[in-house]
Amino acid sequence: METGNTKKPRITTLDDLFGIPSAPDADGAHIQQIELRKLHEFEGHPFKVLEDQALLDMAKSIQEIGQLTPAIARPLEDRPGEYELVSGNRRHRACLLAGLTHMRVIVKEMTRDEAIIQMVDANLQREHILPSERAMAYKMKLEAIKRQGMRTDLTCVQVGHKLENKKSREVIAEKAGESANQIRRFIRLTALIPPLLDMVDNRKIAFNPAVELSYLSEQQQYDLCEAMELYDCTPSLSQAQRLKEAARAGKLDKNGMELVMQEEKPNQ
């Protein structure tokens, strides 16, 4: 029974419940129904959208109860009336699979670099991320911050004024939940050639040896792939370190690689 002091809750929709703006906020952002064909995948998006069971389940859920969480997009400067998805590439694909023609989107005005930072931060919350995805995401974010005028040198002592007197590596590490050294090591993976990077994603090459191999030149990496295929093995951490040091000394050739790869390795 209600009394005179009882106030009814003013939440009337799911949007109210989750704090999603139904009217323009301070930035002029609000939910819109936008045609799927006018929404484009984020250029250079480092996170793959796999048509796996999870995506099929999402599509089925959207068919049954609708799209609960809106995507976020920014207007494309060179294509009026069209948008780049900052968050929601998987939801976009699921809506297509569900047979929809429109999806709910919050449109926000933001620069490309602002969009990169928001895209990376949102996707790094995912449970399963490949090493290659994490590596490229960190690199994209650091480059975006650098273009915004912040210091992104992970070894720097002084920092830009926007980082509140912290080293840039400390700020990035805090946001990512990683150590600054680990972020730097992940970014090293972007120097690997595609076949080697695929082997890291598929757990055929461990993370630590892969970081060492990233210091080899592109041609040396391709030569190493041939040696690995010839002897049906991958380098251990100690072998990768020796290959790196030989490359730095200008002494690494195909013959040296084959000698290293022929070594008998202890069980690891």
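Residues numbered from 1 in each chain as written. Predicted model: local features only at pLDDT ≥ 70, side-chain atom pairs only at ≥ 80, totals over all residues. Heavy atoms only, no water.

Enquirer: Where do I start with the side chain of N123 in this structure?
Expert: Checked against the element boundaries, N123 lands in helix α4 (residues 112-123). Here the side chain of N123 touches M119 through a polar contact of 2.8 Å, landing on its backbone oxygen. (Helix = DSSP H or I, 4+ residues; strand = E, 2+ residues; numbered from the N terminus. Polar contact = N/O pair within 3.5 Å; in protein donor to acceptor, adjacent residues only side chain to side chain.)

Enquirer: Can you help me understand the nonpolar core in this one?
Expert: Side chains that are nonpolar tend, in soluble globular proteins, to be buried together. By size, the foremost hydrophobic cluster in this structure holds 49 residues, and its most contacted members are L189, L192, L196, I205, L224 and M228. The set of elements that each furnish at least two residues to this core consists of α4, α5 (131-147), α7 (180-188), α8 (194-201), α9 (207-213), α10 (218-231), α11 (237-248) and α12 (254-261). If one sorts the elements of this core by residue count, α5 sits on top with 7 residues. Setting aside residues up to four positions removed in sequence, L196 forms contacts with I205, Q221, C225 and M228. (Core = buried A, V, L, I, M, F, W, Y, C linked by side-chain atoms within 4.5 Å. Buried < 20%, exposed > 50% of the residue type's maximum accessible area, 1.4 Å probe, protein only. Contact = heavy atoms within 4.5 Å.)

Enquirer: What am I meant to see in the packing of α5 against α7 here?
Expert: For any two helices packed against each other, one specifies the crossing angle of their axes together with the interaxial distance. Relative orientation of the contacting elements α5 and α7 amounts to 105 degrees, with a least axis distance of 8 Å. As summarised for this structure, α5 and α7 are arranged roughly perpendicular, according to the angle between their axes. Side by side, α5 and α7 meet where P131, R134, A135, Y138, K139 and L142 of the first sit next to I183, F186 and I187 of the second. Looking at the contact of α5 with α7, its residues break down into 7 nonpolar, no polar and 2 charged. (Axes fitted to C-alpha atoms, helices over the stretch in contact; angles between N-to-C directions. Parallel < 35°, antiparallel > 145°, perpendicular 65-115°, else oblique. Nonpolar A, V, L, I, M, F, W, Y, C, P; charged D, E, K, R; others polar.)

Enquirer: When you look at the packing of aromatic side chains in this model, what are you seeing that I'm missing?
Expert: Tallying each qualifying case throughout the model produces 2 aromatic pairs. Aromatic side chains Y138 and F186 sit 6.0 Å apart centroid to centroid with 70 degrees between the ring planes, which places their arrangement in the edge-to-face category. Of this pair, Y138 sits in helix α5 while F186 sits in helix α7, placing them 48 residues apart in sequence. Judged by relative accessible area, which is 9%, F186 ranks as buried. These aromatic residues form a ring-pair network of at least three members: Y138, F186 and F207. It is R134 that lies over the ring of F186; its NZ or CZ is 5.8 Å from the centre. Between the NZ or CZ atom of R248 and the centre of the ring of Y215, over which it lies, the distance is 5.1 Å. (Phe/Tyr/Trp six-rings, centres within 6.5 Å; stacked < 30°, edge-to-face > 60°. Lys NZ or Arg CZ within 6 Å of the ring centre and 35° of its normal.)

Enquirer: Hey, could you run me through the packing of α10 against α12 in this one?
Expert: Two elements in contact, α10 and α12, have axes whose closest approach is 9 Å; the angle formed by their N-to-C orientations is 40 degrees. The angle between the axes of α10 and α12 places the two elements in the oblique class. Like other packed secondary-structure pairs, α10 and α12 cross with a definite hand, here right-handed. On the side of α10, the interface is formed by Q220, D223, L224, E226, A227, M228, L230 and Y231, while α12 contributes K254, M257, E258 and M261. (Left-handed = near helix turned anticlockwise from the far one by under 90°.)

Honestly, it's all geometry; don't read function into it.
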